[in-house]
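Summary of structural features
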Amino acid sequence: SAVISQKPSRDICQRGTSLTIQCQVDSQVTMMFWYRQQPGQSLTLIATANQGSEATYESGFVIDKFPISRPNLTFSTLTVSNMSPEDSSIYLCSVNPWDIGYGYTFGSGTRLTVV
Amino acid sequence: AQRVTQPEKLLSVFKGAPVELKCNYSYSGSPELFWYVQYSRQRLQLLLRHISRESIKGFTADLNKGETSFHLKKPFAQEEDSAMYYCALQTNTDKLIFGTGTRLQVFP
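Fair warning: this is a prediction, and the values are worked out from it, not measured in the lab. (Residues numbered from 1 in each chain as written. Chains lettered and ligands numbered in written order. Predicted model: local features only at pLDDT ≥ 70, side-chain atom pairs only at ≥ 80, totals over all residues. Heavy atoms only, no water.)

1. Quick notes on the overall build of chain A
- From N to C terminus, chain A includes 1 helix and 11 strands.
- Here chain A has a C-alpha radius of gyration of 13 Å; the compact-globule value for 115 residues is 13 Å, and the two agree.
- Based on the C-alpha atoms only, the size of chain A along its principal axes is roughly 40 × 25 × 20 Å.
- By the burial criterion, 51% of the 115 residues in chain A qualify as buried.
- Of all intrachain contacts in chain A linking residues separated by at least 6 positions in sequence, the fraction that spans at least 24 positions is 54%.
- Of the accessible surface of chain A, which amounts to about 5300 Å², a share of 47% is contributed by carbon and sulfur atoms.
- Averaged over its 7 positive side-chain charges, chain A has a centre that lies 9 Å from the centre of its 8 negative ones. (Helix = DSSP H or I, 4+ residues; strand = E, 2+ residues; numbered from the N terminus. Rg over C-alpha atoms; globule rule 2.2 N^0.38 Å. Buried < 20%, exposed > 50% of the residue type's maximum accessible area, 1.4 Å probe, protein only. Contact = heavy atoms within 4.5 Å. Areas by Shrake-Rupley, 256 points an atom, 1.4 Å probe, with all protein chains shown as cover. Lys, Arg positive; Asp, Glu negative; His and termini not counted. Charge placed at Lys NZ, Arg CZ, Asp CG, Glu CD.)

2. Description of the nonpolar core
All names here are of chain A.
- Within the largest apolar cluster, 26 residues are counted, with the highest numbers of intra-cluster contacts made by Trp34, Ile46, Phe66, Ile68, Leu78, Tyr91 and Leu112.
- Contributing elements (two or more residues each) for this core: strand S3 (19–25), strand S4 (31–37), strand S5 (43–50), strand S8 (75–80), strand S9 (89–95) and strand S11 (110–114).
- By residue number, the principal contributor to this core is S3, which donates 4 residues.
- Residue contacts for Leu112: discarding those within four places in its chain leaves Asp11, Cys13, Leu19, Val80, Met83, Asp87, Ser88, Ser89 and Tyr91. (Core = buried A, V, L, I, M, F, W, Y, C linked by side-chain atoms within 4.5 Å.)

3. Brief notes about the side chain of Gln37 of chain A
- Position of Gln37 of chain A among the secondary structure elements: in strand S4.
- Taking relative accessible area as the criterion, Gln37 of chain A reaches 10% and is therefore assigned buried.
- For Gln37 of chain A, the side chain forms a polar contact with the side chain of Tyr86 of chain B, separated by 2.8 Å.
- In this view, Gln37 of chain A contacts Ser42, Leu43, Ser89, Ile90 and Leu92 of chain A together with Gln38 and Tyr86 of chain B; residues no more than four positions away in its chain are not counted. (Polar contact = N/O pair within 3.5 Å; in protein donor to acceptor, adjacent residues only side chain to side chain.)

4. Description of the layout of surface pockets
- Of the volumes computed, that of the largest pocket is approximately 930 Å³.
- As for the largest pocket, its lining consists of 35 residues, of which Gln37, Ile90 and Arg111 of chain A together with Gln38 and Tyr86 of chain B are closest to the centre.
- Sorting the residues of the lining of the largest pocket by element identifies S4, S9 and S11 of chain A together with strand S9 (83–90) and strand S11 (102–107) of chain B as the ones contributing at least two each.
- The dominant element in the lining of the largest pocket, judged by the number of residues it contributes, is S11 of chain A, at 4 residues.
- When its residues are assigned to classes, the lining of the largest pocket shows 9 nonpolar, 19 polar and 7 charged.
- In this structure, the second largest pocket is lined by 16 residues; those nearest its centre are Thr44, Leu45 and Glu58 of chain A together with Leu96 and Ile97 of chain B.
- Elements represented by at least two residues in the lining of the second largest pocket include exactly S5 of chain A together with strand S10 (96–98) of chain B.
- Looking at side-chain class alone, the lining of the second largest pocket contains 7 nonpolar, 7 polar and 2 charged residues. (1 Å grid on protein atoms, 1.4 Å probe; cavity = no way out; pocket = protein on both sides within 12 Å on 5 of 7 lines; lining within 4 Å. Points joined across faces, edges and corners; volume = space filled by probe spheres on them. Nonpolar A, V, L, I, M, F, W, Y, C, P; charged D, E, K, R; others polar.)

5. Remarks on the state of the cysteines
- Using the criterion set out here, one finds 2 disulfides over all chains in the structure.
- Here Cys23 of chain A engages in a disulfide with Cys93 of chain A; their sulfurs sit 1.9 Å apart. Across the S-S bond linking Cys23 of chain A and Cys93 of chain A, the dihedral sits near 70°, which makes this disulfide right-handed. Of this pair, Cys23 of chain A sits in strand S3 while Cys93 of chain A sits in strand S9, and the two are 70 residues apart along the sequence. Each member of the pair, Cys23 of chain A as well as Cys93 of chain A, is classed as buried.
- Between the sulfur atoms of Cys23 of chain B and its disulfide partner Cys87 of chain B the distance amounts to 2.0 Å. Taking the torsion about the S-S bond as the criterion, the Cys23 of chain B to Cys87 of chain B disulfide, at about -65°, is left-handed. Taken together, the positions of Cys23 of chain B in the loop between strand S3 (19–21) and strand S4 (24–26) and Cys87 of chain B in strand S9 put the pair 64 residues apart, joining distant regions of the chain.
- A residue is classified by how much of its surface remains accessible, and Cys23 of chain B, at 0% relative accessible area, is buried. (Disulfide = S-S within 2.5 Å.)

Purely spatial values, then, with no claim about function.
Next comes the structure, spelled out in structure tokens:
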């Protein structure tokens, strides 16, 4: 299966600032997915990032708040903008299974705390 | 509506006891279902997928379309099975919809 490197692993940020999370895959993949896991909650899909086109956002998530880049088939970034304490969560990237051949693979996550 | 329901937040058993983690889904199409596991301080990882009909670490899960269920079972729980388990549904646009998760605690 694919290996995903995600960084930073954790960060503590001031409200009103922005944080960019990076996700690097060791194989070329068509789609990359960004998830949020709020404390005590399940995973919620934020957006799907395709190379060469704009990301597709889920209901409740907007590009101004969570801009995404996908410059090539192995890399993506998610920015959490103008942060507030409600943005404190774990953010994870995941890759499309069919490119890899078996199951979705997840990054190790970024634990974000906004103070 | 597309939804995955895991009714139990916590399931506690003793080592050697049978385990069943419940998962029900709501989906109008043909479902692709997965179980994911997250051990303490580790990343989320795939445990099994229904299409493979396999047994991983002694766990099995059978898709029951009539009951719209995909329960995870293991006949004899081990302490190392203690983890968070998520049931997930893959939609026809390749999104994964997760249940709220069940924490399995296996006591010695």
